[in-house]
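Close look at the chain arrangement
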Amino acid sequence: MRTKFFLLVVALCWVGSLAAHQLKSGVTTILFNERTGNIEIMHRFVLHDAEHAVGELFNKKQADIHTDEETRALFAAYVLEAFALQTADRQSLALESVGYQVEGRDFWVYQEVAMPTELTGFRVKQKALQELWTDQQNLVNIERDDRVQSLQFNAKDDWLSVSF
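This text gives an overview of the structure that appears in the document. These numbers come from a predicted model, not from an experiment.

1. Section: the packing of aromatic side chains
- Taken as a whole and judged by the stated rule, the model has 8 aromatic pairs.
- The interplanar angle of 25 degrees and the centroid separation of 5.8 Å between the aromatic rings of Phe32 and Phe122 together place this pair among those described as stacked. Here Phe32 is found in strand β1 (residues 25-33), whereas its partner Phe122 is found in strand β6 (residues 121-126), with 90 residues between them in sequence. Both residues of the pair, Phe32 and Phe122, belong to the buried class.
- Aromatic side chains Phe32 and Phe164 sit 5.7 Å apart centroid to centroid with 90 degrees between the ring planes, which places their arrangement in the edge-to-face category. Note that Phe32 is positioned in strand β1 and Phe164 in the segment after β9 (159-163), a separation of 132 residues in sequence.
- Here Phe32 falls in the buried class, since its relative accessible area comes to 12%.
- Classification of Phe164 as partly exposed rests on a relative accessible area of 33%.
- Linked through ring pairs, Phe45, Phe75, Tyr78, Tyr100 and Phe107 together constitute an aromatic cluster.

Put into structure tokens, the structure is as follows:
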């Protein structure tokens, strides 16, 4: 009886881990750095998903972000194209690429822009990976003045807004 119970627990854990991996998600954090006067943007994607996406999007059979600089640059450029930021009155912010890196199981892409004066809110677009996987969820956290506001992007979403 114990053996059957143990096997059942192991099987449920295995199925749970498979289901957990099926949840496609990315997280973007937007920070206001008063010291530098910049808005800093950090995008985080699971490395496995990033490599799979490069293979699908760019027909690159050997997508190895760990060892191939070209693959890292390709995925970073893709993320930069999929994300956009506007002021509440629809003025586009010219985001600058700051770089990218592999850290553990994650791939990070960084951007920044000078803080506009009289900023009352944002319009945000985060479409990364949603043309590949309709279940891709992209969470955007905006951290300002010890307050966090979050936007959850599904495949059907285009622009979402926050006010300060």
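2. Some words on the environment of Leu93
- With respect to the helices and strands, Leu93 occurs in the loop between β3 (83-87) and β4 (96-103).
- Sequence-distant contacts of Leu93, that is, excluding residues within four places in its chain, are made with Leu85, Gln86, Thr87, Val113, Pro116 and Phe122.

3. Let's talk about the side chain of Asn38
- With respect to the element layout, Asn38 can be found in strand β2 (residues 38-46).
- Beyond its immediate stretch of four places on either side in the chain, Asn38 contacts Leu31, Phe32, Asn33, Glu112, Val113, Ala114 and Met115.

4. A look at the sheet that holds strand β8 (residues 147-153)
- With mixed pairing, the 6 strands of this open sheet are ordered in space as β4-β5-β2-β1-β7-β8. The sheet is open, and its two edges are formed by β4 and β8, each paired on a single side. Neighbour-to-neighbour, the strand axes of the sheet open up by a mean angle of 15 degrees, direction not taken into account.
- In the packing of helix α2 (residues 47-58) onto the sheet, contacts are made with β2, β4 and β5 (106-114), and the angle to β2 comes to roughly 80 degrees.
- This element, helix α3 (residues 69-82), spans β2, β4 and β5 of the sheet and lies at about 50 degrees to β5.

5. Some remarks on α2
- Taking 1.5 Å per residue as the helical rise, α2 with its 12 residues ought to reach 16 Å, and the 16 Å between its terminal C-alpha atoms agrees with that figure.
- Positive phi shows up at Asn59, right after α2, with a value of about 50 degrees.

6. Considerations on the pattern of salt bridges
- Evaluation of the coordinates by the stated rule reveals 5 salt bridges.
- Between Lys125 and Asp158 there is a salt bridge, with its nearest N and O atoms 3.5 Å apart. Here Lys125, found in strand β6, pairs with Asp158, found in the loop between β8 and β9; they are 33 residues apart in sequence, far enough to count as distant.
- A salt bridge links Asp157 to Lys156, with the shortest nitrogen-to-oxygen separation between them at 3.6 Å.
- For Asp157, a relative accessible area of 13% puts it in the buried group.
- A residue is classified by how much of its surface remains accessible, and Lys156, at 69% relative accessible area, is exposed.

7. Considering α3
- Its 14 residues give α3 an end-to-end C-alpha distance of 20 Å, which sits within 8% of 20 Å, the value for a rise of 1.5 Å per residue.
- Within the sequence span of α3, burial applies to Thr71, Arg72, Phe75, Ala76, Tyr78, Val79 and Ala82. Looking down the long axis of α3, one finds its buried residues gathered within 160 degrees of arc, a one-sided arrangement. Projecting away from the buried face of α3 at angles above 90 degrees are the exposed residues Glu70 and Glu81.
- Turning to α3, the residues buried within the fold contact β2, α2, β3, β4, β5 and β6.

Cut-offs applied
- Residues numbered from 1 in each chain as written.
- Predicted model: local features only at pLDDT ≥ 70, side-chain atom pairs only at ≥ 80, totals over all residues.
- Heavy atoms only, no water.
- Phe/Tyr/Trp six-rings, centres within 6.5 Å; stacked < 30°, edge-to-face > 60°.
- Helix = DSSP H or I, 4+ residues; strand = E, 2+ residues; numbered from the N terminus.
- Buried < 20%, exposed > 50% of the residue type's maximum accessible area, 1.4 Å probe, protein only.
- Contact = heavy atoms within 4.5 Å.
- Pairing = 2+ DSSP bridges.
- Axes fitted to C-alpha atoms, helices over the stretch in contact; angles between N-to-C directions.
- Expected span 1.5 Å × (residues − 1).
- Salt bridge = Lys/Arg side-chain N within 4 Å of Asp/Glu carboxyl O.
- Arc of directions from axis to C-beta.

As far as function goes, none of this settles anything; it's purely spatial.
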